[in-house]
Amino acid sequence: MNRSIKTTGTIISRERVIAVIESIMGMQTAQIQSAYSTSLMKRTMDDAESQAISLIQDMVNSVPAPAQYAFDVYA
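Predicted, not measured: the structure shown is a model, and the values here were computed from it.

Parameters and conventions
- Residues numbered from 1 in each chain as written.
- Predicted model: local features only at pLDDT ≥ 70, side-chain atom pairs only at ≥ 80, totals over all residues.
- Heavy atoms only, no water.
- Helix = DSSP H or I, 4+ residues; strand = E, 2+ residues; numbered from the N terminus.
- Buried < 20%, exposed > 50% of the residue type's maximum accessible area, 1.4 Å probe, protein only.
- Areas by Shrake-Rupley, 256 points an atom, 1.4 Å probe, with all protein chains shown as cover.
- Patch = residues over 30% accessible without salt bridge, like charges linked within 9 Å, V, L, I, M, F, W, Y side chains within 5 Å.
- Salt bridge = Lys/Arg side-chain N within 4 Å of Asp/Glu carboxyl O.
- pLDDT = per-residue confidence, 0-100.

## Points about the overall build of the protein chain
A tally of regular secondary structure across the protein chain gives one helix and two strands. Start at the N end of the protein chain and walk to the C end: the helices and strands fall as β-β-α. Evaluated residue by residue, the protein chain yields a buried proportion of 0% over its 75 residues. For the protein chain, the computed accessible surface area is about 7300 Å², with 61% contributed by carbon and sulfur atoms.

In structure tokens:
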């Protein structure tokens, strides 16, 4: 039995078609993994940013406000 595919005058073996499809699927898998990795990294960076902002706000809130009037006690 002939296991080949005829496309526009060119005969391509079934194994060659399978190899091309497998490589395309592999590239798509790599793209999905890359996109997933990038989204996880962005989420981690967003979490770190919100933690840093929270820490800065806590530090600012822990310092008492300056007095409204300044008195020179050495005069």
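## A short note on a nonpolar patch on the surface
A cluster of nonpolar side chains, Tyr69, Phe71, Val73 and Tyr74, forms an exposed patch at the surface whose accessible area comes to about 640 Å². When you line up the elements, Tyr69 lands in the segment after helix 1 (14–62).

## Brief notes about the confidence of the model for the protein chain
Summarising the model, the protein chain shows a mean pLDDT of 85, and 85% of its residues fall at 70 or more. Confidence, read as mean pLDDT per element, is least for strand 1 (residues 4–7) in the protein chain (60) and greatest for helix 1 (93).

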